Amino acid sequence: ATLRIAPSKEFVLDDFPPGSIVGALNAINGHWDNGFLMTATDAEVITIPPGIFREIISTRHDVCHNLLCTMTSRLRQLYLRMTEYSYLDVKSRLYNALLRLSLPAPDNKEQRIISPPLIHAVLADHIGASRESVSREMSRLLQDAVIERGDDAIIIRQPRELLRRLSRVVSGQK
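Colleague: Just to check I follow, could you spell out the overall build of the protein for this structure?
Modeller: On a plain count of helices and strands, the protein comes out with seven helices and six strands. N-terminal to C-terminal, the α/β element order of the protein is β-β-α-α-α-α-β-β-α-α-β-β-α. For the protein, the proportion of contacts with a sequence separation of at least 24, taken over those separated by at least 6, is 56%.

Written out as structure tokens, the structure is:
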């Protein structure tokens, strides 16, 4: 989900894996003016008319419960992201995003990867920062050998170092 602040300024709120439900709030409350869906890759989107959707969640308690659990989890994640945005500096938000967006490397359990690699502008949208500030910090991380950039992935060679840097900021040690 992307929050569009201005025509050229976007803030990525969340990424949805295959099979995710999006737009449920719009179908429930009928506010279609704030609905926006953009995919980064090819995707198949299945739409359910709002009336049928509301009928399903009012008659199928298991579906309604699963939807409530999903939406509660998303609200918690958004709360954490907004807290992060409010209290962490750009570097720390970048470290956090790199860790959050990465998966364990299949060939090295001490490393993490982001594949396909995200360009700096997209990372900037994820953390609400300028591309230039992300580029500067990514260059520092490359110099410090904390990350490595390949054609097919960003490799976080030292995830513990990112965590250490984050914990220093959170504890006020900078």
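Colleague: Help me understand helix 4 (residues 90–101), please; the structure alone is not making it clear to me.
Modeller: For an α-helix, the turn length of 3.6 residues means that residues three or four places apart are oriented alike. A rise of 1.5 Å per residue sets the reference length of helix 4, with its twelve residues, at 16 Å; its end C-alpha atoms lie 16 Å apart and thus fit the reference within 8%. The set of residues buried in helix 4 consists of Ser92, Arg93, Leu94, Tyr95, Ala97, Leu98 and Leu99. Considering only its buried residues, helix 4 is in contact with helix 3 (61–87), strand 4 (108–114), helix 5 (120–127), helix 6 (131–143), strand 6 (154–156) and helix 7 (159–170).

Colleague: Any chance you could explain unusual backbone geometry here in plain terms?
Modeller: Excluding glycine, most residues fall at negative phi; most peptide bonds, likewise, are trans. At the junction of Ser115 and Pro116, the peptide bond is cis and its omega measures out at 0 degrees in the coordinates. Following the sequence through the fold, Pro116 ends up in the loop between strand 4 and helix 5. Of note in this structure, Ala145 is not a glycine but carries a positive phi near 60 degrees. Position of Ala145 among the secondary structure elements: in the loop between helix 6 and strand 5 (147–149). For Ala145, a relative accessible area of 27% corresponds to the partly exposed category.

Colleague: I would appreciate a short explanation of the nonpolar core in the present structure.
Modeller: Generally speaking, nonpolar side chains in soluble globular proteins are found buried as a group. Residues Leu94, Leu98, Leu123, Val134, Met138, Leu141 and Leu162 are the most contacted members of the largest nonpolar core, which totals 22 residues. Elements supplying a minimum of two residues to this core: helix 4, helix 5, helix 6, strand 6 and helix 7. No other element matches helix 4, which puts five residues into this core. What Leu141 contacts, discounting residues up to four positions off in sequence, is Leu94, Tyr95, Leu98, Val146, Ile147, Leu162 and Arg165. Formed by six residues, the second largest nonpolar core is a distinct cluster that contains Ala24, Phe53, Ile57 and Met71.

Colleague: Before we go on, may I ask you to explain the sheet that holds strand 3 (residues 103–105) in this structure?
Modeller: Spatially, the four strands line up as an open sheet ordered 3-4-6-5, and their pairing is antiparallel. Strands with a single pairing partner mark the edges of an open sheet, and in this sheet they are strand 3 and strand 5. Along the sheet, successive strands turn relative to each other by an average axial angle of 35 degrees, direction set aside. Helix 7 contacts strand 4 and strand 6 of the sheet and is inclined by roughly 75 degrees relative to strand 4.

Colleague: What is the right way to look at the pattern of salt bridges in this model?
Modeller: Side chains that differ in charge, positive against negative, can pair when their charged atoms come close. Scanning the entire structure with this criterion turns up nine salt bridges. One salt bridge connects Asp144 with Arg165, and the closest N-O pair in it is separated by 2.9 Å. Of this pair, Asp144 sits in the loop between helix 6 and strand 5 while Arg165 sits in helix 7, and the two are 21 residues apart along the sequence. The salt bridge partner of Arg157 is Glu148, with a shortest N-O separation of 3.9 Å. Of the residues examined, Glu148 reaches a relative accessible area of 35% and is grouped as partly exposed.

Colleague: Explanation requested: the packing of helix 5 against helix 6 in the structure shown.
Modeller: Think of two packed helices as two axes; the pair is described by the angle between the axes and how far apart they sit. At their nearest, the axes of helix 5 and helix 6 sit 8 Å apart, and the two run at 110 degrees to each other. Here helix 6 runs roughly perpendicular to helix 5, going by the angle between their axes. Facing helix 5, whose interface residues are His120, Ala121, Leu123, Ala124 and Ile127, helix 6 presents Arg131, Val134, Ser135 and Met138. Residue classes in the contact of helix 5 with helix 6 are distributed as six nonpolar, two polar and one charged.

Parameters and conventions
- Residues numbered from 1 in each chain as written.
- Predicted model: local features only at pLDDT ≥ 70, side-chain atom pairs only at ≥ 80, totals over all residues.
- Heavy atoms only, no water.
- Helix = DSSP H or I, 4+ residues; strand = E, 2+ residues; numbered from the N terminus.
- Contact = heavy atoms within 4.5 Å.
- Expected span 1.5 Å × (residues − 1).
- Buried < 20%, exposed > 50% of the residue type's maximum accessible area, 1.4 Å probe, protein only.
- Core = buried A, V, L, I, M, F, W, Y, C linked by side-chain atoms within 4.5 Å.
- Pairing = 2+ DSSP bridges.
- Axes fitted to C-alpha atoms, helices over the stretch in contact; angles between N-to-C directions.
- Salt bridge = Lys/Arg side-chain N within 4 Å of Asp/Glu carboxyl O.
- Parallel < 35°, antiparallel > 145°, perpendicular 65-115°, else oblique.
- Nonpolar A, V, L, I, M, F, W, Y, C, P; charged D, E, K, R; others polar.

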